[in-house]
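Chain by chain, the residues:
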Amino acid sequence: MRLSLTAERRIDAPPEAVFALALDSERFPALFPGYGPIPALKRITPLAPPAVGALRSLENSDGSKLMERITELDPPRLHAYTLSGLRPPLAWLAREGHARWEFEGDRSDGGDATRVAWRYEFELTSPLAWPLAAPLLRGCMRAAMARCLERMAQALEGAWRGERR
């Protein structure tokens, strides 16, 4: 059984800049503050250059460590990965998460912007996990994702406006 989440946002910066920030191991951790029981991201350590099959080690603010394995990579349009190594209590509810970031250019207002869709599909440990997993992930993880996209927009929009002047 799977549980799907989506967070979307328009960011006033070109797809190349938004894509680069989403994969930036140095800058991205500060942009994911977590929410409720979802911990903030503290550190990302790439174990190989970005490519399909490459691994990244993640350290969270609660001391937990996770692993990301890139499953799709098509710069600057797509980045997908599998998140594993969840620890309790989330590990009791979900085995792993499958994330997919899509970046689409948006010139609807004449500017150079990007529509970002960040989707997560969590593989639940059992159908019995649904009553606890659904409110936790839909409420807290989706909020963490939305906050992250907002921070990405703040980081990029100011810098991008400065470059265009």
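One can find the structure itself at the top, above this paragraph.
Now for a quick tour of the structure. (Residues numbered from 1 in each chain as written. Predicted model: local features only at pLDDT ≥ 70, side-chain atom pairs only at ≥ 80, totals over all residues. Heavy atoms only, no water.)

1. Quick notes on the packing of aromatic side chains
Step number 1: Tallied over the entire structure, the rule returns eight aromatic pairs.
Step number 2: For the pair phenylalanine 32 and tryptophan 118, a centre-to-centre distance of 6.2 Å together with 65 degrees between the ring planes defines the contact as edge-to-face. Taken as a pair, phenylalanine 32 in the loop between α1 (15-22) and β2 (41-46) and tryptophan 118 in strand β7 (residues 113-124) lie far apart in primary sequence, 86 residues in all.
Step number 3: Since its relative accessible area comes to 2%, tryptophan 118 is described here as buried.
Step number 4: Arranged with centres 6.2 Å apart and planes meeting at 85 degrees, the rings of tyrosine 81 and tyrosine 120 form a pair that is edge-to-face. Highlighted residues: tyrosine 81 in strand β5 (residues 78-84) and tyrosine 120 in strand β7, separated in sequence by 39 residues.
Step number 5: Its relative accessible area of 5% is what places tyrosine 81 among the buried residues.
Step number 6: An aromatic cluster is present here, built from Phe19, Phe28, Phe32, Tyr81, Trp101, Phe103, Trp118, Tyr120 and Phe122 joined pairwise through their rings. (Phe/Tyr/Trp six-rings, centres within 6.5 Å; stacked < 30°, edge-to-face > 60°. Helix = DSSP H or I, 4+ residues; strand = E, 2+ residues; numbered from the N terminus. Buried < 20%, exposed > 50% of the residue type's maximum accessible area, 1.4 Å probe, protein only.)

2. Digging into the side chain of glutamate 59
Step number 1: Tracing the sequence through the fold places glutamate 59 in strand β3 (residues 55-60).
Step number 2: Within the structure, glutamate 59 has its side chain in polar contact with the side chain of arginine 43 (distance 2.6 Å).
Step number 3: If we skip the residues at most four places from it in the chain, glutamate 59 touches Leu41, Lys42, Arg43, Ser64 and Lys65. (Polar contact = N/O pair within 3.5 Å; in protein donor to acceptor, adjacent residues only side chain to side chain. Contact = heavy atoms within 4.5 Å.)

3. Describing α1
Step number 1: Of all the positions in α1, only Pro15, Val18, Phe19, Leu21 and Ala22 are classed as buried. The buried side chains of α1 occupy one side of the element, clustering within an arc of 165 degrees when seen end-on. (Arc of directions from axis to C-beta.)

4. Some points on the sheet that holds strand β6 (residues 94-106)
Step number 1: Within the open sheet, the seven strands sit side by side as β1-β7-β6-β5-β4-β3-β2. Their pairing is antiparallel. Two strands bound the open sheet, and with one partner strand each, they are β1 (2-11) and β2. Pairwise comparison of adjacent strand axes, ignoring direction, gives a mean angle of 20 degrees for this sheet.
Step number 2: Relative to β5, strand β4 (residues 65-74) runs antiparallel, the two being bridged by seven bridges. When the sheet's bridge partners are listed, glutamate 72 is paired in β5 with alanine 80.
Step number 3: Along the sheet, α1 contacts β1, β3, β4, β5, β6 and β7; its crossing angle with β6, the most-contacted strand, is approximately 160 degrees. (Pairing = 2+ DSSP bridges. Axes fitted to C-alpha atoms, helices over the stretch in contact; angles between N-to-C directions.)

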